[in-house]
Amino acid sequence: MLRITDDITLHDWEMTESFIRASGPGGQNVNKVSTAVELRFEAARSPSLPDPVKARLKRLAGRRWTKDGAIIIQCDDTRSQARNREIARARLAELIGKALVKPKRRIATKPTYGSVKRRLAAKKARSDVKALRGKVAED
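Parameters and conventions
- In every chain, residue numbers begin from 1 and rise along the written sequence.
- Given that this is a predicted model, residues contribute local features only at a pLDDT of at least 70 and side-chain atom pairs are listed and counted only at 80 or more, while totals for whole chains, interfaces and linings are drawn from all residues.
- Heavy atoms from the whole structure form the basis of all side-chain values; hydrogens and water molecules are not counted.
- To qualify as a helix, a DSSP run of H or I must reach at least 4 residues; to qualify as a strand, a run of E must reach at least 2; elements of each kind are numbered from the N terminus.
- The globule rule used here is 2.2 Å times the number of residues to the 0.38 power, and the radius of gyration it is set against is calculated over C-alpha atoms.
- A simple rule labels every residue: compare its accessible area, found with a 1.4 Å probe on the protein chains alone, to the largest value its type can have, and call it buried under 20%, exposed over 50%, or partly exposed in between.
- The contact criterion used is simple: two residues touch if any of their non-hydrogen atoms lie within 4.5 Å.
- Note on areas: these come from Shrake-Rupley sampling with a 1.4 Å probe, and a residue is covered only by the protein chains present in the view.
- Charge assignment: positive for Lys and Arg, negative for Asp and Glu; neither His nor the chain ends contribute.
- Lysine's charge is taken at NZ, arginine's at CZ, aspartate's at CG and glutamate's at CD.
- Between N or O atoms, a polar contact is any pair within 3.5 Å; within protein, one atom must be a potential hydrogen donor and the other a potential acceptor, and residues adjacent in sequence are included only when both atoms are from side chains.
- In this analysis, strands are considered paired if DSSP registers two or more bridges between them.

A. How the structure looks around the overall build of the protein. In terms of regular secondary structure, the protein is built from four helices and five strands. For the protein, the succession of helices and strands along the chain, N to C, is β-β-β-α-β-α-β-α-α. Taken against the 2.2 N^0.38 rule, which gives 14 Å for 139 residues, the C-alpha radius of gyration of the protein at 28 Å runs more than 25% over that of a compact globule. C-alpha atoms of the protein, sized along the principal axes, occupy 90 × 40 × 25 Å. Looking at the 139 residues of the protein, the share that counts as buried comes to 28%. The contacts of the protein with a sequence gap of at least 6 include a subset with a gap of at least 24, amounting to 60%. When the accessible surface of the protein is summed, it comes to about 10500 Å², and 53% of that surface belongs to carbon and sulfur atoms. The averaged location of the 16 negative side-chain charges in the protein is 8 Å from the averaged location of its 32 positive side-chain charges.

Pasting the structure below:
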C-alpha cells in the first residue's frame, strides 16, 4: 500500500511493477540485471481518488496517461532495483499530491479609472511623436 494523505491510500492491486533492463552506466551489470522500474497505476479505475482529482491527474500526467486510464512512470536513475522502485513510488505520490491541490479560481478585475486615463494619454503622446516624423508639407 502507498499512503498519499491521511484520507487517500493506494492499494497494491492498483499498481503493477515490472522490471526492465536499464540503459546508461552500470558496466557489465547493465546487460545482466533488470534494474529499471516501470510502475503502472490504474488511475481511472482507482476507488481511492475522487473524480475531480482524477481529472486534474490526467492533465498533470500528460503523455504518461494511457488510453485505458493508467499512469506509467519509469525510473532507471540508480543501479539498485529497490532504490528505483522507491523513486518511482515517490514520483507517483508527488504527482497525486499535486493533483489533490484545487487550483484557485481566477477573479476578473477591472482596471482603475486613473490607469485607463494614463494609458490613453501615453498612447496619444506616442501617436503625436510618430505623426511628427512624417514629411513636411511645403506651403
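B. Spatial organisation of the environment of S48. Looking at where S48 falls in the secondary structure, it is placed in the loop between β4 (36–41) and α2 (51–61). Under the relative-accessibility criterion, S48 is labelled buried at 18%. Here E14 takes part through its side chain, which lies 3.3 Å from a polar atom of the side chain of S48.

C. Focus on the pairing of strand β5 (residues 71–75). Residues of β5 alternate between two faces, with I71, I73 and C75 buried on one and I72 and Q74 left unburied on the opposite face. Bridge count for β4 against β5 is five bridges, and the pairing is antiparallel. Bridge pairing links E38 to Q74 in β5.

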